[in-house]
Amino acid sequence: SDPPFRLLCKRYGADLLVTEFVSAGGLAYGAASSVQKLEFYEEERPVAIQLFGGDEGQIATAAAMADAQAPDLIDINFGCPVKKVVCHDGGAGVLRNLPKMERIAGAVLDAATRPVTVKTRLGWSDETINI
């Protein structure tokens, strides 16, 4: 969600606000639309910046960039089922490769000084519930 919507949510009782999920690849390549999604207002706190991506190097870069914005926490999105996200092992796509999921989480933990949380699903499909 964008800042105006998050502020409305805060006004009506939200305890924690979360940015739109931000592409690690977009941040790593300096895409203005991705960088803009890191912005938030002080009155939104506590606020989390949510990242997604399937490349460990890019997600480490993105985590450092997000961390520099001083959110209250950084969240990794391992839950999005959208095709254009999962086809690059982002979101829920990485649930097909748990060792990679662990490496991505480790890259974020290594790059961030803030607490890190994860949004996930139980598994890639009903047949592969492994979380």
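See the structure shown above.
Rules of the game
Residues numbered from 1 in each chain as written. Predicted model: local features only at pLDDT ≥ 70, side-chain atom pairs only at ≥ 80, totals over all residues. Heavy atoms only, no water. Core = buried A, V, L, I, M, F, W, Y, C linked by side-chain atoms within 4.5 Å. Buried < 20%, exposed > 50% of the residue type's maximum accessible area, 1.4 Å probe, protein only. Helix = DSSP H or I, 4+ residues; strand = E, 2+ residues; numbered from the N terminus. Contact = heavy atoms within 4.5 Å. 1 Å grid on protein atoms, 1.4 Å probe; cavity = no way out; pocket = protein on both sides within 12 Å on 5 of 7 lines; lining within 4 Å. Points joined across faces, edges and corners; volume = space filled by probe spheres on them. Nonpolar A, V, L, I, M, F, W, Y, C, P; charged D, E, K, R; others polar. Polar contact = N/O pair within 3.5 Å; in protein donor to acceptor, adjacent residues only side chain to side chain. Axes fitted to C-alpha atoms, helices over the stretch in contact; angles between N-to-C directions. Left-handed = near helix turned anticlockwise from the far one by under 90°. Phe/Tyr/Trp six-rings, centres within 6.5 Å; stacked < 30°, edge-to-face > 60°. Lys NZ or Arg CZ within 6 Å of the ring centre and 35° of its normal. Salt bridge = Lys/Arg side-chain N within 4 Å of Asp/Glu carboxyl O.

1. Describing the nonpolar core
Counting 26 residues, the largest nonpolar core has Ile49, Leu51 and Ile59 as its most contacted members. Among the elements that make up this core, the one with the highest residue count is helix 6 (residues 98–111) (five residues). What isoleucine 49 contacts, discounting residues up to four positions off in sequence, is Thr19, Val22, Leu38, Phe40, Ala66, Gln69, Pro71, Leu73, Ile74 and Asp75.

2. Some remarks on the environment of glutamate 43
For glutamate 43, the location among the structural elements is in the loop between helix 3 (32–36) and strand 3 (47–52). C-alpha of glutamate 43 to C-alpha of aspartate 15: the two residues are 28 residues apart in sequence and 12 Å apart in space. Leaving out residues up to four positions away in the same chain, glutamate 43 has contacts with Leu7 and Lys10.

3. As for the layout of surface pockets
The volume enclosed by the largest pocket comes to roughly 250 Å³. Lining the largest pocket we find 13 residues, and of these Ser23, Phe52, Lys84, Val85 and His88 sit closest to its centre. Secondary structure elements with two or more residues in the lining of the largest pocket: helix 2 (24–28) and helix 5 (83–86). Looking at the lining of the largest pocket, its residues break down into four nonpolar, seven polar and two charged.

4. Focus: the side chain of arginine 6
Among the structural elements, arginine 6 can be located in helix 1 (residues 3–11). Assessed through its relative accessible area of 2%, arginine 6 is described here as buried. Ignoring sequence-local partners within four residues, the contact set of arginine 6 consists of Ser1, Leu17, Val18, Thr19, Glu20, Glu39, Phe40 and Glu44.

5. Comments concerning the side chain of glutamine 50
Tracing the backbone shows glutamine 50 in strand 3. The exposure class assigned to glutamine 50 is buried, which follows from its relative accessible area of 8%. Polar contacts involving the side chain of glutamine 50 include one to the side chain of asparagine 77, which spans 3.0 Å. Setting aside residues no more than four positions away along its own chain, glutamine 50 makes contact with Val18, Thr19, Glu20, Phe21, Val22, Asp75, Asn77 and Lys119.

6. Details of the packing of helix 4 (residues 56–68) against helix 6
A pair of packed helices can be characterised by two numbers: the angle between their axes and the separation between those axes. Axis separation between helix 4 and helix 6 bottoms out at 8 Å; the angle between their running directions is 30°. As for how helix 4 packs across helix 6, the hand of that crossing is right-handed. Two secondary-structure elements touch here, helix 4 through Glu56, Ile59, Ala60, Ala63, Ala64 and Asp67 and helix 6 through Lys100, Arg103, Ile104, Ala107, Val108 and Ala111. Classifying every residue of the contact of helix 4 with helix 6 gives eight nonpolar, no polar and four charged.

7. Let's talk about the packing of aromatic side chains
Counting across every chain of the model gives one aromatic pair. Stacked on the ring of tryptophan 124, the Lys or Arg arginine 96 has its end atom at 4.3 Å from the ring centre.

8. Considerations on the environment of proline 71
Residue placement: proline 71 occurs in the loop between helix 4 and strand 4 (73–78). Separated by 31 residues in sequence, proline 71 and phenylalanine 40 place their C-alpha atoms 8.4 Å apart.

9. Quick look at the pattern of salt bridges
Counted by the stated rule, this structure contains eight salt bridges. Note that arginine 114 is salt-bridged to aspartate 67, the shortest N-O span being 3.6 Å. One end of the pair, arginine 114, is in the loop between helix 6 and strand 5 (116–120); the other, aspartate 67, is in helix 4, with 47 residues separating them in the sequence. Residue arginine 114 is classed as partly exposed on the basis of its relative accessible area, which comes to 29%. Via salt bridges that share partners, Glu42, Arg45 and Asp72 belong to a single interconnected network.

Nothing here speaks to function; it is all geometry.
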